[in-house]
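# Residue-level structural notes
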Protein chains: 2
Amino acid sequence: MPDLFGRVAILGLGLMGGSLGLAIRDARLAGTVAGYDSMPGRTGRAHERGAIDEPATTLADAVVDADLVVLAAPVLAERVLLAALTPHLAPGAIVTDLASTKSAVCGWASALLPDPAPFVGGHPMAGREQSGIEAADGGLFRGAVWCLTPTDQTDPDTLARLQSLVTALGAQPLVLDAARHDQLVAAVSHLPLVAAAALVRTVAADPAWPDAARLAASGFRDTTRVASGDPLMARDICLTNAAGILLWMDAYIAELQSIRAVLAAGDAAIEQIFTAARDARDAWLREHEAR
Amino acid sequence: MPDLFGRVAILGLGLMGGSLGLAIRDARLAGTVAGYDSMPGRTGRAHERGAIDEPATTLADAVVDADLVVLAAPVLAERVLLAALTPHLAPGAIVTDLASTKSAVCGWASALLPDPAPFVGGHPMAGREQSGIEAADGGLFRGAVWCLTPTDQTDPDTLARLQSLVTALGAQPLVLDAARHDQLVAAVSHLPLVAAAALVRTVAADPAWPDAARLAASGFRDTTRVASGDPLMARDICLTNAAGILLWMDAYIAELQSIRAVLAAGDAAIEQIFTAARDARDAWLREHEAR
């Protein structure tokens, strides 16, 4: 396959940006992968790990001559990156990102990039609780659904080129509206994040925790796994998708209250509650694993 | 090592009973492992899988001459098993179990077994969401904490023999009071179970679920894993540990309300909420993995 892009610039070289660099280089989808991270030393470590070909010392150096620029930072930092990269963006260059919410960044791109903004929001539905370039993995995106959210300024050819990139990375492009994306991930990604953090906080705040911790095993470990993720990323998710998350939190609290009532009544019908949950999850899991 | 027991009878040959049979046979800790399950065909399948030496056609056949009887059934079924096995129990035989709550079964044992009841409650802190003899695994208990809850009738020598068995299986015996056990597992095992089931039910009940399900990935999978467990086991946990679970559900709902308020205020201090959750979980995980 000829290179899809001559020069890709990845801004932000943590778990997601580093994994993308590894994946693009593994699949030889670009002539050069340049990278930049403002955290001291991280650009060099990404280069040592083989996530980028060219460590840039400034954002401008990474972006200049790139025909694809990928923002790989927590959502709020992407606004700063968009403003900073705009003066250096080559004509015809495309910009995308990897963050967990899409409405805010699509709005910033339309406002800050040259008109019409050559931007498509991106969100690979893959991750892990570890963060940083050390956790990067070129196989992270394989088989994952990768949301692409065009704006009303997006050129169809720009979208098509990103769909080709996602497919070439072994992921499944899914084009949808940014607002719809944010509603859906509030349910299946952000609510689980808040629920897991709340679960850890509830039990760890209790005087019994030192004793209870000894009994905690794989069920506790898995139910709370996502609570070990990057708190800054979680903050930005909450600040840019608050309305969606609040709706799902209210529905979740109402469901817990409803289960509480059945439990308090000592009603053996609580079995049906667990049966329905198991059946819904198992049906999802079968489809998820078949993809 | 000489056999710790001449003849072990395992009553109930699902995930837990089958795994125990495999583990005892792998470690050659008993002369004979007899087994019985009331589900048609399961006793034979357990024999084929090598989880037992001797498939019994009745509970009495399994129990007769056993010097250790292990109840491996959902909690409420253990009451029935205790009543049924008592007439057949050999003099000097010990009885234990593997269920997730301990106060109820300790009470039933004291009431139903010959006085003083040769009983110690048991609860290996290990499991998986699959159930049935097909999911049994002789390595399931290795490294796990295994709670042992003596009653006021338990002979110290009986407890010591079970501690030896648990240690020989590669697990870590932890002796504690049944009521205290139930309080602690309500926090780290039963609350996660209810939280996971509620999470699945919340998102799967929504009209957006077919679309949201496509975006659900490893975070959703892990946060909800325990919701795929046996609903009958979950029912019995709820019916025999309702008071403890209700307290933890109330604390959990209060924590969710507290996070909701910070989120609704658009307060960037929500980062500290996630930081504290991550730090508490990571500290637990380090200790858990060091065991």
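Per-chain numbering applies: the sequence of each chain, read as written, is numbered from 1 onward. The lettering of chains begins at A and the numbering of ligands begins at 1, in the order of writing. In keeping with the predicted nature of the model, local features appear solely for residues at pLDDT of at least 70, side-chain atom pairs appear and are counted solely at 80 or more, and the whole-chain, interface and lining totals rest on all residues. The basis for every side-chain value is the complete set of non-hydrogen atoms in the structure, without hydrogens or water.

What follows is about the pairing of strand S8 (residues 172–175) of chain A. Residues and elements named next belong to chain A. Two strands pair if DSSP finds at least two bridges between them. What counts as a helix is a DSSP run of H or I of at least four residues, what counts as a strand is a run of E of at least two, and both are numbered from the N terminus. Of the pairings in the sheet, the one linking strand S7 (residues 145–150) to S8 comprises four bridges and is parallel in character. Residue pairing for S8: Leu148 is matched across the bridge by Val175. When the strands point away from the viewer and the connection leading from the first strand across the helix to the second strand turns clockwise, the crossover is called right-handed. One crossover worth recording links S7 to the parallel S8 by way of helix H6 (residues 156–168), and it is right-handed.

Moving on to the sheet that holds strand S4 (residues 68–71) of chain A. All names here are of chain A. The mixed open sheet is built from eight strands, whose spatial order is S3-S2-S1-S4-S5-S6-S7-S8. The open sheet has two edge strands with one neighbour each: strand S3 (54–55) and S8. Pairing between strand S5 (residues 94–97) and strand S6 (residues 119–124): two bridges, direction parallel. Bridging across to S6, Thr96 finds its partner in Val120. Running at roughly 155° to S4, helix H4 (residues 75–85) makes contact with strand S1 (5–11), S4 and S5 of the sheet. The contact rule is simple, with two residues in contact once any of their heavy atoms fall within 4.5 Å. Only the contacting stretch of a helix is used when fitting its axis, a line to C-alpha atoms as for every element, and angles between N-to-C directions run 0 to 180 degrees.

Listed per partner, the contact involves 88 residues of chain A and 88 residues of chain B. Both sides together, the interface formed by chain A and chain B hides about 8300 Å², and carbon and sulfur atoms give 70% of it. Note on definitions: salt bridges are taken to be side-chain nitrogens of Lys or Arg within 4 Å of carboxyl oxygens of Asp or Glu. Put simply, chain A and chain B have ten salt bridges between them. Ionic pairing is found between A:Asp211 and B:Arg180, a salt bridge with its closest N-O pair at 2.9 Å. Values labelled buried area give the accessible surface lost by two parts on being combined, using a 1.4 Å probe and summing over both.

Overlay of chain A on chain B (RMSD 0.0 Å): rotation 180°, translation along the axis 0.0 Å. Within this description, the copies of the chain are treated as partners about a two-fold rotation axis. In terms of proximity to the rotation axis, the leading residue of chain A is A:Thr223, whose C-alpha is 2.0 Å off the axis. A high fraction, 100%, of the interface residues of chain A reappear at the interface in chain B, so the copies pair face to face through one surface. Least squares is used to superpose the copies, and the fit set is the C-alpha atoms of residues whose pLDDT is at least 70 in both copies.

Right, let's get into the pairing of strand S7 (residues 145–150) of chain B. Residue and element names in this part refer to chain B. In terms of burial, S7 is a largely internal element, five of the six residues being buried. Strand direction decides the pairing type here: strand S6 (residues 119–124) and S7, joined by five bridges, are antiparallel. Each bridged residue has a counterpart across the sheet, and for Val120 the counterpart in S7 is Pro150. A 1.4 Å probe rolled over the protein chains alone gives each residue an accessible area, and that area as a share of the maximum for its type sets the label: buried under 20%, exposed over 50%, partly exposed in between.

Once that is clear, we can look at the confidence of the model for chain A. The quantity known as pLDDT measures the predictor's confidence residue by residue, on a range of 0 to 100. Scored by pLDDT, chain A comes out at a mean of 96, with 99% of its residues at no less than 70. Scored as a complex, the prediction yields pTM 0.94 and ipTM 0.94.

If you trace the eight strands from one edge of the open sheet to the other, you get S3-S2-S1-S4-S5-S6-S7-S8 (chain B), paired in mixed fashion. Looking at which strands have only one partner, the edges of the open sheet turn out to be strand S3 (54–55) and strand S8 (172–175) of chain B.

This part takes up the side chain of B:Asp222. Locating B:Asp222 in the fold gives a position in helix H9 (residues 218–223). With relative accessibility at 11%, the residue B:Asp222 sits in the buried group. For B:Asp222, the side chain forms a polar contact with the side chain of B:Arg221, separated by 3.0 Å. In contact with B:Asp222, not counting residues within four places along its chain, are A:Asp222, A:Thr223 and A:Arg225. Between N or O atoms, a polar contact is any pair within 3.5 Å; within protein, one atom must be a potential hydrogen donor and the other a potential acceptor, and residues adjacent in sequence are included only when both atoms are from side chains.

This next bit is on the pattern of salt bridges. Enumeration according to the criterion identifies 30 salt bridges over all chains in this entry. Close ionic contact of A:Arg278 with A:Asp279 constitutes a salt bridge, the shortest N to O distance being 3.3 Å. Looking at A:Arg278, the relative accessible area reads 25%, which means it is partly exposed. B:Lys102 serves as the salt-bridge partner of B:Asp97, at 3.0 Å between the closest nitrogen and oxygen. Accessibility assignment for this pair places B:Asp97 and B:Lys102 in one class, buried.

Let's shift gears to the environment of A:Gly132. All names here are of chain A. With respect to the helices, strands and loops of the structure, Gly132 is situated in the loop between S6 and S7. For Gly132, a relative accessible area of 7% gives the class buried. For the pair Gly132 and Arg225, spaced 93 residues apart in sequence, the C-alpha to C-alpha distance is 17 Å. Those residues in contact with Gly132 that sit more than four places away from it in its chain are Gly14, Leu15 and Arg42.

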